[in-house]
Every structure is written in structure tokens, then in C-alpha cells.
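# Working through the structure, step by step
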Amino acid sequence: MRSLLLALAITLPALPAGAADLNTPLQAVISSYIGPATQNFATAAAKLPGAVEAVCADNSNTNQQALTAAFSETVDRFARIHFLRFGPLLEDDRLNRLSFLPDPRGIAQRQIRKVYAAKDESVLDVQSLREKSVALQSLTAFELIAFDKSANLVLGTEEKNRDFTCRYALAIAQNAAAISVAVAADWADPDGYRKLLLTGGADNPRFRSSKEAFETVYNAFTTALTIVKDQDLLPALGTSTEKAKPRRFPYSRSGNAVTYLTAELDGVRDAIFSMPLKDMMSADDQWTLDTLGFEFKNADGYLAKLQPPLRTTFGENGSYNMASALVINVGSIQDLLQGIAGALDLSGGFNALDGD
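To start, this report covers the structure provided alongside it. (Residues numbered from 1 in each chain as written. Predicted model: local features only at pLDDT ≥ 70, side-chain atom pairs only at ≥ 80, totals over all residues. Heavy atoms only, no water.)

### A short note on unusual backbone geometry
- Here Leu101 and Pro102 are connected by a cis peptide whose omega angle stands at 0°.
- Of the consecutive residues Pro308 and Pro309, the connecting peptide bond is found in the cis state with omega at -5°.
- Examined against the element boundaries, Pro309 turns out to sit in the loop between helix H14 (287-304) and helix H15 (310-313).
- Of note in this structure, Asp93 is not a glycine but carries a positive phi near 55°.
- You can see Asp93 is positioned in the loop between helix H4 (61-79) and helix H5 (94-98).
- Classification of Asp93 by relative accessible area gives partly exposed; the value is 36%.
- Here the phi dihedral of Lys119 falls at roughly 50°; this positive angle occurs in a residue that is not glycine.
- Relative to the elements of secondary structure, Lys119 occurs in the loop between helix H6 (107-118) and helix H7 (126-129).
- Given a relative accessible area of 42%, Lys119 falls into the partly exposed group. (Helix = DSSP H or I, 4+ residues; strand = E, 2+ residues; numbered from the N terminus. Buried < 20%, exposed > 50% of the residue type's maximum accessible area, 1.4 Å probe, protein only.)

Written out as C-alpha cells, the structure is:
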């Protein structure tokens, strides 16, 4: 993995004297994308605790559908900010506490089994749950206890451990809601991390220039594409249709794999196009942004042809070929992002996955 990530790095000349102040695109992405997107996640996550309480009090079809929808919306809104691997989302290990992925060894499942075997009531209270392993308090843990392997909602419907599971699911939902509020509040704080991004200079403890701050944001885009291809898609595809492992798609257990993948890519796209990058590029280079938009549209097209839940449908109706084409498509987006970085005279080298 490290060699691949290093291959993504590019080293280019520093911005020439008189270059445009990069605070302009930074301000644009914060105000037009990051702020609204983090608030949308907080709004969605706030619905989850009530939906859990409702289905556990009365597991009617209406309440089951409401919880399924609330979880899907939360996953969607989270996926749209998942690439923000800097600042508020990384503080206090919030990213892993929200979503413990990837988990190829099934760590979360094993820890949850131990919790149930011991009837460990410390996971039933949101305050004590926060002190537990991140694998036990995430939305991925919620998915494991609330849905069966065929993407059917079972929370509130099973007699065995029903009360324990309901209380555990509620604690996870409350925890996710609290974290989402904190992330949104931190991004909204004019004296918080946004100030660090917008005041690069000799007195800034994190960024010596607006260029450094902008490169941190831009490198998050390239990191996100690496995650989509190497963590979210390729492990599920395996080496052939026969060796595919659709359970490895993120949030496939709840039937939200397509939702997550689509939102993940759309979030990166919308963040990029919230910035006036074309105004910062020469006329000879501006075509790369138009092509980038075309490739993101292609990605949505491939994903639209995948029928959820992928755990049961993957391999049918050409879905394996669609997902394989998506991998190639994501690679094309990566190449275009590198080209755009060159056109903007950005330096690479830092990657949010380095050290993983």
C-alpha cells in the first residue's frame, strides 16, 4: 500500500511570485461545501436515536422503514464528509469512532460477540460506550447488531437479547449524533480549524502559507480516491466473479453499499467543484476540470446500475463488470486530479493514509 501511495505523490515547483491567494478556494470549499455537508450529517444523525427508540417500542413496518431510512440517510451524509481526513473529523479519533473501516479481520464482530457473551452493560450507556473500543461504538457496529447478513432489519424483532440490543443500538446512535454535532460545530467555529486554514503564515502553528493549507485539503481528495478504489472496491471484487466477496463492500450488511459509494464519490466531486479552480488555471489546462466532471458522471452511471443489496445481487446482470469498470473509472479520476494539481503548481507527498 505504501508504494502505491508514494506513487500518487507529485513534487512540483512552488507557486510563482504573484500567484493567486489560495485563501479564495479555501473559503469557498469551507462555506459552500464543508460547512453545509457537516451540518447535513448532524441533522441526519440526530434522527437515528428516535428511530431506534420507536422500532424498539413498536416494531411495526412503519417504524422499521423509518429506522432503515434514517440509517441510510446517516450513512449517506457521513460518506459525503468521509474524505475530510484533517481537522475536526480526526480530533478525538472521531472518524474511527463513527465508522470502523476497513475491518477485513472482523475485529468489530469478534468484540461484539464478547460483549454479548459477557452481557457487558457498559456498552448500553453512551457515556461509558465512548470509553470502549472504537470498533464497538461505530455506525459499522450498529449495522452488525441491527441487520442480518441479508440486509434485513432485525433490531426490535428478535426475542433473544432484544432489550440488550435495543439499548446498545440506542447508545451507538446517541454517540454518533453527538460526534456529528461536534464536527459540525467545530467547522462552524470562526476561531476553530477554519481559522487555521485561512490564516496560513509565519504565526500559524499548522500552516506556513495558504498554499500549505490548500494542499492539505487537495491531498484529502486524492486520499479519498485511493480509499474508494483500494479499500472499498478491490477487496470486494477479488480476482474474478467466482472469488468476489460482496460482503467486503462498505455498509453492504445494511444494503447501503451503493448509497455509501455513490455519496463518497459525489462528496469529493461537489467539494472540488465548490472551488473556483478553473479561474486559477490557464486556458490550456481548464479542459481537465471539464473531463473530471465527465468522469464523475460516469462513476454515478456505473453505480446506478448496481442493484442493492449487493450481498445478494452482486454477480448478476453484469454487476461485476460494472464494478470493475468503476475501478478503472476511479483510476482515471485519480490521474485527472494529479494533472489538475500540476496545473495549480501544487506539491504532493503528504497522504492521510501514510503510516496506516
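### Details of the packing of helix H3 (residues 47-57) against H4
- The contact between H3 and H4 brings their axes to 9 Å, and the two run at 155°. It follows from the interaxial angle that H3 and H4 lie roughly antiparallel. At the point where H3 passes H4, the crossing takes the left-handed sense. The residues of H4 that touch H3, namely those facing Lys47, Leu48, Ala51, Val52, Ala54 and Val55, are Asn63, Gln64, Ala66, Leu67, Ala70, Phe71, Glu73 and Thr74.
- Residues belonging to the contact of H3 with H4 are distributed by class as follows: nine nonpolar, three polar and two charged. (Axes fitted to C-alpha atoms, helices over the stretch in contact; angles between N-to-C directions. Parallel < 35°, antiparallel > 145°, perpendicular 65-115°, else oblique. Left-handed = near helix turned anticlockwise from the far one by under 90°. Contact = heavy atoms within 4.5 Å. Nonpolar A, V, L, I, M, F, W, Y, C, P; charged D, E, K, R; others polar.)

### Notes on the pattern of salt bridges
- In the structure shown here, the tally under the stated rule is 15 salt bridges.
- Between Arg94 and Asp186 there is a salt bridge; the shortest N-O distance is 2.8 Å. Residue Arg94 is found in helix H5, and its partner Asp186 is found in helix H10 (residues 162-188); the two are separated by 92 residues along the sequence.
- In this structure Arg94 comes out as buried when scored by relative accessible area, which is 11%.
- For Asp186, a relative accessible area of 23% gives the class partly exposed.
- If you follow the salt bridges from partner to partner, you end up with Asp266, Arg269, Asp270 and Asp300 in one network. (Salt bridge = Lys/Arg side-chain N within 4 Å of Asp/Glu carboxyl O.)

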